[in-house]
Amino acid sequence: MPNILVVAEHFNGQLRKASRSALGAAGALAARTGGQVSGLVVGYRVGGVAEDLAAHGIPVAVVDLPALTHYLSESYAPVVAAAARAAGATWVVGAATAQGKDLLPCVAALMGGVCATDAIAFTGEGQEVLVRRPMWAGNVLADVELRGEIKVVSIRATEFAAAEKAGLPGSVKALPVAVDESAIRTRFIAFAGSGGDRPDLTEARVVISGGRGTNGDFSEIEALADLLNAAIGSSRAAVDAGWAAGDLQVGQTGKVVAPEVYIAAGISGAQQHLAGMKGAKVIIAINTDPEAPIFQVADYGVVGDLFEVLPALRSLVAASQKQGT
Amino acid sequence: MPLKILVTSKRVEDPEALILVKADGSGIETQGLSYRINPFDEIAVEEALRLKEEHGGEVVVASIGAADCVSEIRVALAMGADRGIRVDHEGPLDPGMVAAILQKLVEGEQPDLVILGKQSVDDDQNQVGQILAQRMGWARATFASKEESLESTAEKTRQCGLRLAADGTSIRVVREVDGGLETLELSLPAVITTDLRLNIPRITSVPGIMKARKKPVREIQVEELGIELQPAVIVRKLHSPSKRGGGLRVKTVQELWDKVHGEAGVL
Ligand SMILES: Cc1cc2nc3c(=O)[nH]c(=O)nc-3n(C[C@H](O)[C@H](O)[C@H](O)COP(=O)(O)OP(=O)(O)OC[C@H]3O[C@@H](n4cnc5c(N)ncnc54)[C@H](O)[C@@H]3O)c2cc1C
Ligand SMILES: Nc1ncnc2c1ncn2[C@@H]1O[C@H](COP(=O)(O)O)[C@@H](O)[C@H]1O
């Protein structure tokens, strides 16, 4: 039976939401292929994460070692490969986060398998499962066949419904895997977090992004984000200029987001940017240039200066919040 | 400590171009498309050149593809790379095949460092560097960036974002990861893939382009490498994504609010 192993990811001791989507994707895959879905949590002091994952009703293997305190593909890939073998998994699924994109190709290489990045759906007919994935900045969707005993897929979290918690939790079992630290040639030195206490860009209900049009002044974006408990995003131009942190870049080569509302302020709408936010339910664009391509995808476009439009919008939001409507 | 660095350059469609799928889904419309070096590879070449300028050494640029991809090797040579290698290959390639070929080149050339782009902007796989590192069993860091912005003095003075240790046995890499920047130290030899914020690539000069014409580009057939390639990612059909509606203009912020809050019921 082709089993499916879901590699979970955690941040600050919490299971990442994207991993619940990976679990959802694995469920969709299992409905096609049969086989059992199980989970894997790797790290140090990650028992809570494993419990959280198992609460979705799947058996979870956990590898909990001091040597795995910091994620490194060099130390994690062999652990995932060992767990996949132990689970009899022929599919390995994870989220296409920075970590997932780093790790999963290594797992495939180690297992002699094949990997596809950024799956948005499983297609194909009958027994055959094809992976649908974007290419050319999302201008093209490809259905690809993965030819190999072991198939490794990173999934785009915005495209799969997150798995729900189950009535009955699955088991959590420690998997005995040794890590030979002396063989690891990569060392973790430091991590500098960029985030304040705003919601995660990929998980927020509302995202407000600023581009070159902000001219480096994100204060109006921040003020509206405060009011709406929104995440802040950015175009590449604003990140390159140093106005926003690198992990706030939305687009083909940055984050893919699908919030309920996406507000693009001072962003022209290059296809590389659209690739990261076209999936939002409602898109609002604010731009001084009536010809800006962002208006073609925006549900609501305002031709105007973001430094006038955003404060005006903020007053309306504030007034409405006061009235409780 | 002089460094021998292998960099890759892939020929890709101009990222500004709008890519259209053929009606039968068998490929993309290539008529009228222009090509260039994958932007991430340009960043890889730039970083390799800066390392060479600071520490000495050699920069070798490799590309796998049909005869026309020699133009992208020449771009890297015009930027300042020393010599090129083209592995002749017609037809589709997947990340595993590219990594298998690169592994053979790496075994032959024995560089201290391989720098690749994090992603090809055509197939958007983001895999080759990871697979190569795993196959070699080398230290690796994907998504190399730097702490300073691209408008900083560090960038204006063309400082290396990758920092070689004084004894030349390891290199520090700042990576763009979810939630911030991570610093890793890699024992050499190592594989590194570039993100957008590592540097701003230099523009090729006319003398650079002239010089590049005389630089050697070796041509290798896959058979000479003693490997058999089996495609494992088979593109079966291409589709155009569904177009998003939109395009509605509102005249005032009040009208925006009425529509967004009142009608759509959001915010
Ligand atoms: C390999 C590669 C990868 C890339 N990946 C990404 C990616 O992942 N994400 C991404 O975003 N980009 C990416 N890009 C870059 C992309 O092509 C664009 O260059 C970028 O998105 C432009 O950013 P921008 O819209 O902020 O700037 P611009 O295109 O300069 O647009 C600024 C806009 O602001 C408007 N404006 C100016 N002043 C005001 C004002 N006061 N009020 C309102 N509007 C104003 C202007 O009319 C203009 O439309 C990539 C490019 C390449 C080559
Ligand atoms: N045909 C090729 N020739 C040379 N380098 C390549 C080729 N394909 C991919 N690469 C390299 O691998 C990196 C990652 O590509 P990918 O995994 O396909 O997204 C690219 O930035 C290139 O540096």
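Please read all numbers here as calculations on a predicted model, not as lab measurements.

Along chain B, the regular secondary structure elements total 7 helices and 14 strands. Its C-alpha atoms give chain B principal-axis dimensions of about 65 × 45 × 40 Å. Counting every position in chain B, which comprises 267 residues, the buried fraction comes to 58%. If you take every contact in chain B between residues at least 6 apart in sequence, the share linking residues at least 24 apart comes to 73%. Approximately 11,300 Å² of chain B is accessible, and the part contributed by carbon and sulfur atoms is 50%. Considering chain B, the positive charge centre built from 34 side chains and the negative charge centre built from 41 side chains are found 3 Å apart.

Residues and elements named next belong to chain B. Residues in close proximity to ligand 2 total 19 residues, the closest being T8, D41, S120, N126 and Q127. In this structure, an oxygen atom belonging to ligand 2 sits 2.5 Å away from a side-chain N or O atom of T8. The contact in question runs from an oxygen atom of ligand 2 to an N or O atom on the backbone of Q127, over 2.7 Å. Bound to the protein, ligand 2 loses 98% of the 480 Å² it would expose on its own. Sort the elements by how many residues they give to the shell around ligand 2 and strand β4 (residues 57-65) lands first, with 3 residues.

A word on the domain arrangement of chain A. Residues and elements named next belong to chain A. Here chain A is described as being made up of domain 1 (3-183) and domain 2 (206-323). One C-alpha centre belongs to domain 1, the other to domain 2; they are set 32 Å apart. Of the residues lining the interface, 6 residues belong to domain 1; the matching set on domain 2 comes to 7 residues. A buried area of about 560 Å², summed over both sides, lies between domain 1 and domain 2, and 49% of it is on carbon and sulfur atoms. Contact with domain 2 buries surface across domain 1, with A137, R156 and T158 losing the most and accounting together for 72% of the total. At the junction of domain 1 with domain 2, the criterion picks out 0 salt bridges. The interface formed by domain 1 and domain 2 holds 1 residue pair in polar contact (both at pLDDT 80 or more) in total. Of the residues belonging to the side of domain 1 that touches domain 2, the class tally is 2 nonpolar, 3 polar and 1 charged.

This part is about the pairing of strand β11 (residues 190-194) of chain B. All names here are of chain B. For β11, the buried fraction is high: 5 of the 5 residues fall into the buried class. Side chains A190, I192 and T194 of β11 all project onto a buried face; the interleaved residues V191 and T193 project onto the opposite face, where all are buried too. Here 5 bridges tie strand β6 (residues 113-117) to β11, and the two strands are oriented parallel to one another. Bridging from a neighbouring strand, L116 pairs with T193 of β11. Examined bridge by bridge, strand β7 (residues 139-145) and β11 share 4 bridges and lie parallel to one another. Paired with R140 across the two strands is V191, which belongs to β11.

Moving on, we get to the interface of chain A and chain B. Contact residues are listed per partner, giving 90 residues for chain A and 77 residues for chain B. Taken together, the two surfaces of chain A and chain B that pack against each other cover about 7,000 Å², and 54% of this comes from carbon and sulfur. Summed over the three residues of chain A that lose the most area to chain B, namely W136, R185 and Y300 of chain A, the buried surface amounts to 11% of that side. Across the chain A-chain B interface, the total number found is 8 salt bridges. Its salt-bridge partner being R244 of chain B, residue D299 of chain A comes within 2.6 Å of it at the nearest N-O pair. Linking chain A to chain B there are 52 residue pairs in polar contact (both at pLDDT 80 or more). With 8 residues, the single largest contributor to the side of chain A that touches chain B is strand β13 (residues 186-193) of chain A.

Before going further, it helps to examine the pattern of salt bridges. All names here are of chain B. Applying the stated rule across the entire model yields 45 salt bridges over all chains. For E109, the salt bridge goes to K4, with nearest N and O atoms at 2.9 Å. Within this pair, whereas E109 is found in helix α3 (residues 95-109), its partner K4 is found in strand β1 (residues 3-8), the two being separated by 105 residues in sequence. The buried category is assigned to E109, whose relative accessible area is 12%. R202 is paired through a salt bridge with E46; the nearest N and O atoms lie 2.8 Å apart.

The next thing to look at is the nonpolar core. Among the nonpolar cores identified, the biggest contains 46 residues, and V41, W91, V131 and L146 of chain A are the most heavily contacted of them. Of the residues forming this core, the biggest block, 6 residues, is contributed by helix α1 (residues 17-33) of chain A. For V131 of chain A, the residues in contact, after removing those within four places along its chain, are W91, A116, A119, A121, F122, A142, D143, V144, L146 and V153 of chain A. In this structure, V7, F40, A141 and A212 of chain B belong to the second largest nonpolar core, which totals 41 residues.

Tracing the backbone shows G13 of chain A in the loop between β2 (10-11) and β3 (14-15). Residues G13 of chain A and V37 of chain A, 24 residues apart in the sequence, show an inter-C-alpha distance of 23 Å.

As a further point, take the site of ligand 1. Residues and elements named next belong to chain A. The environment of ligand 1 is formed by 28 residues, the closest being R212, S235, Q249, S268 and N287. In this structure, R236 approaches ligand 1 through a main-chain N or O atom, which is 3.0 Å from an oxygen atom. At a separation of 2.7 Å, an oxygen atom of ligand 1 approaches a polar side-chain atom of N287. Taking 1,000 Å² as the accessible area of ligand 1 by itself, protein coverage stands at 82%.

With an omega of 0°, the peptide bond between L188 of chain B and P189 of chain B qualifies as cis. Even without being glycine, D118 of chain A reaches a positive phi, approximately 65°. Residue classification places D118 of chain A among the buried positions, given a relative accessible area of 9%. Residue N215 of chain A is not a glycine yet carries a positive backbone phi of 55°. Structurally, N215 of chain A is set in the loop between β14 (206-210) and α5 (219-228).

Rules used throughout
- Residues numbered from 1 in each chain as written.
- Chains lettered and ligands numbered in written order.
- Predicted model: local features only at pLDDT ≥ 70, side-chain atom pairs only at ≥ 80, totals over all residues.
- Heavy atoms only, no water.
- Helix = DSSP H or I, 4+ residues; strand = E, 2+ residues; numbered from the N terminus.
- Buried < 20%, exposed > 50% of the residue type's maximum accessible area, 1.4 Å probe, protein only.
- Contact = heavy atoms within 4.5 Å.
- Areas by Shrake-Rupley, 256 points an atom, 1.4 Å probe, with all protein chains shown as cover.
- Lys, Arg positive; Asp, Glu negative; His and termini not counted.
- Charge placed at Lys NZ, Arg CZ, Asp CG, Glu CD.
- Near = heavy atom within 4 Å.
- Polar contact = N/O pair within 3.5 Å; in protein donor to acceptor, adjacent residues only side chain to side chain.
- Domains from an automatic or database assignment.
- Buried area = accessible area lost by both parts, 1.4 Å probe.
- Salt bridge = Lys/Arg side-chain N within 4 Å of Asp/Glu carboxyl O.
- Nonpolar A, V, L, I, M, F, W, Y, C, P; charged D, E, K, R; others polar.
- Pairing = 2+ DSSP bridges.
- Core = buried A, V, L, I, M, F, W, Y, C linked by side-chain atoms within 4.5 Å.

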